[in-house]
Amino acid sequence: LIPRLQAELVRAREGATRSEQHAATLMNKREQAREQFGEYQRLQADIERLKNEGRVLASRLNLLEHNRDGARCPLCNNELGTEGWRRLIQAYQTQIEEKRQQYRTGEASFDRAYEAHRGLELEVKQLEEQLNRERREVQARTSTLERQLQEAQEAASELAETRAQLALVQQELALGSYAQDTRRQLQELDTRIAALEYSPGAHQAVRKDMESCLPFV
């Protein structure tokens with residue numbers, strides 16, 4: 001029993017080691033989630049910036065389109081003239097299209113970053129639940145095995161002591177029983193002596209029988 005409990009306790013403690021490995025994996029996933037959240041925030045800020053820049057360009061373009069005659073540059077306030085007006089209109093339109101393309105690209109990246117962040121958050125949550133469950137199970141199993149092993153060791157020690165006491169008692173009983181048999185034989189011989197009429201030959205035979213029993217008293 002004790003070797004089996006010791007082996008099971010070793011396996012249970014190995015389970016604790018695996019739990020710590022899972023804890024390291026969890027920490028790594030948390031770090032990835034933090035980094036992904038940072039990327040998500042950066043892309044969100046880029047999208048907001050592109051929106052604002054697009055609004056500014058659209059406002060300037062609208063202003064130029066409604067003020068063709070005598071139009072002035074929105075930046076330097078110089079009079080543009082017809083050709084300058086056309087070039088600026090085209091420049092704004094090009095910039096607006098570029099911003100739109102950047103916005104679409106950024107929005108797609110933002111969506112991917114958002115989904116990746118959500119996936120990592122879910123994975124972190126699942127790992128946390130798994131790790132907490134494993135730790136509870138390992139702790140409970142280890143505590144149970146340690147208690148059972150201690151009880152088994154105490155029982156084995158008590159059993160060994162009891163067996164030693166039993167062997168001693170059995171030895172004492174065996175010796176005591178042998179001595180009683182010997183004494184009974186002596187008593188029987190004494191009775192025979194008393195019962196016999198005195199005869200040197202008969203007495204000598206009985207005495208020999210008695211002497212043969214004396215070494216065992």
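Source: prediction; values computed, not measured.

Notes on the overall build of the protein chain
Across its full length, the protein chain holds three helices and zero strands. The order of α-helices and β-strands along the protein chain, N terminus first, is α-α-α. The burial tally for the protein chain puts 23% of its 217 residues in the buried class. Put simply, of all contacts in the protein chain between residues at least 6 apart along the chain, 71% involve residues at least 24 apart. When the accessible area of the protein chain is evaluated, it comes to approximately 15700 Å², of which 50% is carbon and sulfur surface.

Regarding the nonpolar core
Among the nonpolar cores identified, the biggest contains eight residues, and these are Leu 57, Leu 61, Leu 64, Trp 85, Leu 88, Ile 89, Tyr 92 and Ile 96. Secondary structure elements with two or more residues in this core: helix H1 (2–65) and helix H2 (81–195). Residue contributions to this core peak at five residues, all from H2. Core analysis: the next-biggest nonpolar cluster, separate from the first, contains seven residues, Leu 26, Leu 120, Val 124 and Leu 127 among them.

Points about the pattern of salt bridges
Evaluated as defined, the whole model comprises 15 salt bridges. When the shortest N-O distance is used, the salt bridge between Glu 53 and Lys 99 registers 2.5 Å. Here Lys 99 lies in helix H2 and Glu 53 lies in helix H1, a separation of 46 residues in the sequence. Exposure remark for Glu 53: the relative accessible area of 26% places this residue in the partly exposed category. Here the residues in one salt-bridge network are Glu 39, Arg 42, Asp 46, Arg 49, Glu 53 and Lys 99, joined through shared partners.

Examining the side chain of Ser 19
Looking at the element boundaries, Ser 19 is found in helix H1. A polar contact is formed between the side chain of Ser 19 and the side chain of Glu 134, at a distance of 3.5 Å. Leave out the neighbours within four places in its chain, and Ser 19 touches Leu 131, Glu 134, Arg 135 and Val 138.

Some thoughts on the environment of Tyr 103
As for its placement among the helices and strands, Tyr 103 is situated in helix H2. Between the C-alpha atoms of Tyr 103 and Leu 50, which are 53 residues apart in sequence, the distance is 6.1 Å. Setting aside anything within four residues of it in sequence, one finds Tyr 103 in contact with Ile 47, Leu 50 and Lys 51.

As for the environment of Arg 34
By secondary structure assignment, the location of Arg 34 is in helix H1. Here the alpha-carbon distance between Arg 34 and Leu 120, two residues 86 residues apart in the chain, equals 9.2 Å. Reaching out from Arg 34, the side chain makes a polar contact with the side chain of Glu 31 at a distance of 2.7 Å.

A few points about the packing of aromatic side chains
In total, this model carries three aromatic pairs according to the counting rule given. Centroid distance Tyr 40 to Phe 110: 5.0 Å. Interplanar angle 25°. Geometry classified as stacked. Note that Tyr 40 is positioned in helix H1 and Phe 110 in helix H2, a separation of 70 residues in sequence. As far as the burial class goes, Tyr 40 and Phe 110 line up, both buried. Taken together, Phe 37, Tyr 40, Phe 110 and Tyr 114 form an aromatic cluster joined through their ring pairs.

Reading guide: rules and limits
Residues numbered from 1 in each chain as written. Predicted model: local features only at pLDDT ≥ 70, side-chain atom pairs only at ≥ 80, totals over all residues. Heavy atoms only, no water. Helix = DSSP H or I, 4+ residues; strand = E, 2+ residues; numbered from the N terminus. Buried < 20%, exposed > 50% of the residue type's maximum accessible area, 1.4 Å probe, protein only. Contact = heavy atoms within 4.5 Å. Areas by Shrake-Rupley, 256 points an atom, 1.4 Å probe, with all protein chains shown as cover. Core = buried A, V, L, I, M, F, W, Y, C linked by side-chain atoms within 4.5 Å. Salt bridge = Lys/Arg side-chain N within 4 Å of Asp/Glu carboxyl O. Polar contact = N/O pair within 3.5 Å; in protein donor to acceptor, adjacent residues only side chain to side chain. Phe/Tyr/Trp six-rings, centres within 6.5 Å; stacked < 30°, edge-to-face > 60°.

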